[in-house]
Amino acid sequence: MKIKSVRTRVFEWQGKVTPPAANFCTNAADILYERGDSMGSFRFHGWLVCEVETEDGTIGIGNAALAPRVVKAAIDHYYAPMLIGEDPFDTEYLWQKMYRKTHAWSRKGIGMTAISAVDIALWDLMGKEVGKPIFKLLGGRTKERIRCYASKLYGQPIEALRAEAQSYVDQGFDAVKMRFGWGPKDGPAGMRKNLELVAAVRDVIGPDRDLMCECYMGWTFEYAKRMLPKLEAYDIRWLEEPVIADDIEGYTELRKLGRVPISGGEHEFSLAGFQQLLDRRALDVIQYDTNRVGGISAARKINALAEAYQIPVVPHAGQMHNYHLTMASTASPMAEFFPVHDVEVGNELFYYIFKGEPQPDNGFLQLDDNRPGLGLELSDEHLGSFNVIE
Ligand SMILES: O=C(O)C(=O)C[C@@H](O)CO
Ligand SMILES: [Mg+2]
């Protein structure tokens, strides 16, 4: 069985957007003096879809969310030609070929994102060829179902935040993630506003549900160090990406303070990147995203590494590629789930492009033993709202 073609498309959302409130979440660009577009580094209104087809007409689907137009160009110009005529079951060989032949520029960022999309498509293809879901190819079920946490709760007026938190409790979630809206430039008043947000959510969800807090790299080491003791009272499960992804020592030092567990890795790439984070004891929770980190071939190795270090993996974003790995690994206790709603920052775009994602039932997700591959299909329901770039 040989690979016959590799097709990439970018789906750019042109439909209705409901912008979140101001200060909905900090981000790495906040410290810049130019105000600009505060949603700039947050908007994911385009998605890359990569389809790998074999001679028998079977098509594997992969995807990537970062910089989709550029990732498309990387696949079209560099990776697709390496795949034609190859056996899709040679995933390790093909991964190493893509990684090593573009090693000068692909170890992180765009290159690794492109490799991820192709690799996910190859795993989907293998699953379809043998009639098994990907988690079965990865070793099978390690849990009856997947516990998941509701992830939104952007900074917004307190009453709206409380109502949203209550809605997740009512739906049966026992874990939620909220976002901090203020950072270093907002001084002590911003610190108080952040504390009001976390106090409100903790008050609504009570003491027995997990509460995670997201900074999306919008704080500095010094600011985070000042916030940690103030956060201790809220018993948060983790503080996510308090500093930029390159500040590994910052993560290590914050974690060493022992006040609040520290998570990260959403913006790290590759097995080697995670080895560094683990060796430096930088994180309490690892949050790779399969569609950034090198696909399923790389993510499963990171799971093995995390298992050896006994550090839990809770992948960034819901989405099928992450769910299959979570189902198949004892290193992963739960998954993230983005509630389905209007397009805001774009986290929710997956639901408008694909069909087949499981919906939580009482805070748990289920994967079907009988749906081969990822279990995803392209949906044409919202096609009219996309600009599709071939
Ligand atoms: O869900 C996360 O962990 C993210 O970082 C998503 C991002 O859009 C921030 O809300
Ligand atoms: Mg995050």
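Just so you know, these numbers come straight off a predicted model, no measurement behind them.

**Student:** When you look at the environment of His321 in this model, what are you seeing that I'm missing?
**Tutor:** Topologically, His321 is positioned in helix α13 (residues 320–328). Between the C-alpha atoms of His321 and Asp289, which are 32 residues apart in sequence, the distance is 8.7 Å. Contact partners of His321, with chain neighbours within four places excluded, come to Asn63, Ile120, Asp289, Thr290, Asn291, Phe350 and Leu374. A polar side-chain atom of His321 sits 3.5 Å from a polar atom in the side chain of Asn291.

**Student:** I'm lost on the coordination of the magnesium ion (ligand 2) in this one. Help?
**Tutor:** Ideal coordination angles are 109.5 degrees for a metal with four donors arranged tetrahedrally and 90 or 180 degrees for a metal with six donors arranged octahedrally. Within the protein, the magnesium ion (ligand 2) binds to Glu214 (OE), Glu240 (OE) and Glu266 (OE); these donor distances fall in the range 1.9 to 2.1 Å. For the magnesium ion (ligand 2), the donor residues sit on a single chain with the sequence spacing E-x25-E-x25-E. Here Glu214 is found in strand β6 (residues 210–214), whereas its partner Glu240 is found in strand β7 (residues 238–240), with 26 residues between them in sequence. Glu214 gets classed as buried once you look at its relative accessible area, which sits at 3%. A residue is classified by how much of its surface remains accessible, and Glu240, at 0% relative accessible area, is buried.

**Student:** So what exactly am I meant to see when it comes to the pattern of salt bridges here?
**Tutor:** Pairing is possible between side chains that carry opposite charge, provided their charged atoms lie close to one another. Here the structure, examined in full by the defined rule, presents 27 salt bridges. Arg237 is paired through a salt bridge with Asp210; the nearest N and O atoms lie 2.8 Å apart. Residue Arg237 is located in the loop between α8 (221–231) and β7, and its partner Asp210 is located in strand β6; the two are separated by 27 residues in the primary sequence. In this structure Arg237 comes out as partly exposed when scored by relative accessible area, which is 27%. Each of Arg7, Arg9, Glu51 and Glu390 takes part in salt bridges that share partners, so that together they form one network.

**Student:** Honestly, the site of ligand 1 in this entry has me stumped. Any pointers?
**Tutor:** As a matter of local geometry, ligand 1 sits amid Phe42, Ser151, Lys177, Arg179, Glu214, Tyr216, Glu240, Glu266, His316, Glu336, Phe338 and Asn347. Lys177 has a polar side-chain atom sitting 2.7 Å from an oxygen atom of ligand 1. Contact between ligand 1 and Glu240: an oxygen atom at 2.7 Å from a side-chain N or O atom of the residue. Its residues placed into classes, the shell around ligand 1 shows three nonpolar, three polar and six charged.

**Student:** In this structure, what is going on with the sheet that holds strand β1 (residues 3–13)? I would like to understand it.
**Tutor:** Strand pairing in a sheet is mediated by backbone hydrogen bonds. Such pairs are either parallel or antiparallel. The sheet built from four strands is open, its strands ordered β3-β2-β1-β14 with antiparallel pairing. Only two strands of the sheet have a single neighbouring strand rather than two, namely β3 (59–64) and β14 (386–389). Here the strands of the sheet are splayed against their neighbours by 25° on average, with no regard to which way each runs. Where β1 meets strand β2 (residues 46–54), nine bridges bridge the pair, whose relative direction is antiparallel. Its bridge partner being in β2, Glu12 is matched across the sheet by Gly46. Sheet contacts for helix α4 (residues 110–130): β1, β2 and β3; angle to β3, the most-contacted strand, approximately 150°.

**Student:** Would you mind going over unusual backbone geometry with me for this structure?
**Tutor:** Among all residues save glycine, negative phi is the norm, and among peptide bonds the norm is trans. In this structure, Glu241 is a non-glycine residue whose phi angle is positive, near 40°. Positionally, Glu241 belongs in the loop between β7 and α9 (248–257). In this structure Glu241 comes out as buried when scored by relative accessible area, which is 1%. Phi at Gln310 is positive, roughly 60°, even though this residue is not glycine.

**Student:** What exactly am I supposed to notice about α8 here?
**Tutor:** Since the α-helix advances by 3.6 residues per turn, residues separated by three or four positions end up pointing in the same direction. For α8, the complete set of buried residues consists of Tyr223, Ala224, Met227, Leu228 and Leu231. In an axial view of α8, the angular spread of the buried residues amounts to 140°, which keeps them on one side of the axis. Contacts made by the buried residues of α8 are with α7 (187–205), β7, α9 and β8 (262–264).

**Student:** Would you explain the packing of helix α1 (residues 68–83) against helix α2 (residues 91–101) in this entry?
**Tutor:** To characterise two packed helices, one gives the angle between the axes of the helices and the distance between these axes. Close contact between α1 and α2 brings their axes to 10 Å; oriented N to C, the two are set at 145°. By crossing handedness, the relation of α1 to α2 is classed as right-handed. Residues Tyr79, Met82 and Leu83 of α1 touch α2, and the partners they reach there are Leu94, Lys97, Met98 and Lys101. Taken together, the residues of the contact of α1 with α2 sort by class into five nonpolar, no polar and two charged.

**Student:** How should I be thinking about the nonpolar core in this particular structure?
**Tutor:** As a rule of thumb, soluble globular proteins bury nonpolar side chains together. Formed by 86 residues in total, the largest nonpolar core has its most connected members in Leu231 and Leu239. Ranked by the residues each element gives to this core, the list is headed by α7, at eight residues. Residues within four places of Leu239 in sequence aside, it is in contact with Phe180, Cys213, Cys215, Trp219, Leu228, Leu231, Val260, Pro261, Ile262 and Ser263. Formed by 38 residues, the second largest nonpolar core is a distinct cluster that contains Phe42, Cys50, Met98 and Ala121.

**Student:** Is there a simple way to explain α4 in this structure?
**Tutor:** Here α4 contains 21 residues, and its C-alpha end-to-end distance of 31 Å stays within 8% of the 30 Å for a straight helix at 1.5 Å per residue. For α4, the buried fraction is high: 17 of the 21 residues fall into the buried class. Downstream of α4 by a residue or two, Gly131 has a phi angle that is positive, lying close to 75°.

**Student:** Could you clarify how one ought to interpret a nonpolar patch on the surface in this entry?
**Tutor:** A cluster of nonpolar side chains, Phe89, Val130 and Leu137, forms an exposed patch at the surface whose accessible area comes to about 220 Å². Mapped onto the elements of the fold, Leu137 is located in helix α5 (residues 134–137). Look at Leu137 and you get partly exposed, because its relative accessible area is 30%.

**Student:** Explain the side chain of Arg179 to me, please; I cannot follow it from the model alone.
**Tutor:** Among the secondary structure elements, Arg179 is positioned in strand β5 (residues 175–179). Notably, Arg179 is buried but unbridged: the nearest opposite-charge side chain belongs to Glu336, and the N-O separation is 4.0 Å. Excluding residues that lie within four positions of it along the chain, Arg179 makes contacts with Phe24, Cys25, Ser151, Lys152, Leu153, Tyr154, Gly155, Leu197, Glu214, Glu336, Phe338 and Asn347.

Each value, and the rule that gives it
For every chain, the first residue of the written sequence is number 1, and numbering continues from 1 along that sequence. Chains carry letters and ligands carry numbers; both start at the beginning, A for chains and 1 for ligands, and go up in the order they are written. With pLDDT at 70 or above as the cut-off, local features in this predicted model cover only qualifying residues; side-chain atom pairs require 80 or more to be listed or tallied, and sums for whole chains, interfaces and linings still use all residues. As a rule here, side-chain values cover all heavy atoms of the structure and leave hydrogens and water aside. The helix count covers DSSP runs of H or I at least four residues long, the strand count covers runs of E at least two residues long, and both are numbered beginning at the N terminus. The contact definition used throughout considers only heavy atoms, calling two residues in contact when any of these lie within 4.5 Å. For the purposes of these results, a polar contact is taken to be a pair of N or O atoms within 3.5 Å, where, inside protein, one atom must be able to donate a hydrogen and its partner to accept one; residues adjacent in sequence count only when each atom of the pair is a side-chain atom. Sodium, potassium and calcium take a 3.2 Å donor cutoff, other metals 2.8 Å, and in both cases only N, O and S atoms count; water is not among them, so sites may look incomplete. When accessible area is computed with a 1.4 Å probe and restricted to protein chains, residues below 20% of their type maximum are described as buried, those above 50% as exposed, and intermediate ones as partly exposed. A side-chain nitrogen of Lys or Arg and a carboxyl oxygen of Asp or Glu constitute a salt bridge if their distance falls within 4 Å. We call a residue near a molecule or strand as soon as one heavy atom of that residue lies within 4 Å of the molecule or strand. Here the nonpolar group is Ala, Val, Leu, Ile, Met, Phe, Trp, Tyr, Cys and Pro; Asp, Glu, Lys and Arg are the charged ones; every other residue, Gly included, is treated as polar. Between any two strands, at least two bridges found by DSSP are needed for them to pair. Each axis is a line fitted through C-alpha atoms, and for a helix only the stretch in contact is used; angles between axes span 0 to 180 degrees, taken between their N-to-C directions. The directions from the helix axis to the C-beta atoms form the arc being described. Here is the rule for handedness: rotate from the far helix to the near one, and if that takes an anticlockwise turn smaller than a right angle the crossing is left-handed, while a clockwise turn gives right-handed. Throughout, nonpolar core names a set of buried Ala, Val, Leu, Ile, Met, Phe, Trp, Tyr and Cys residues whose side chains join them through atoms within 4.5 Å. A helix is expected to span 1.5 Å multiplied by its residue count minus one. Residues with no salt bridge and a relative accessible area higher than 30% make up the patches, which join like charges within 9 Å and nonpolar side chains (Val, Leu, Ile, Met, Phe, Trp, Tyr) within 5 Å. Under the convention used here, a 1.4 Å probe and the Shrake-Rupley method define accessible areas, while residue burial counts only the protein chains that appear. Charge counting follows a simple rule: Lys and Arg are positive, Asp and Glu are negative, and His as well as the terminal groups are ignored.

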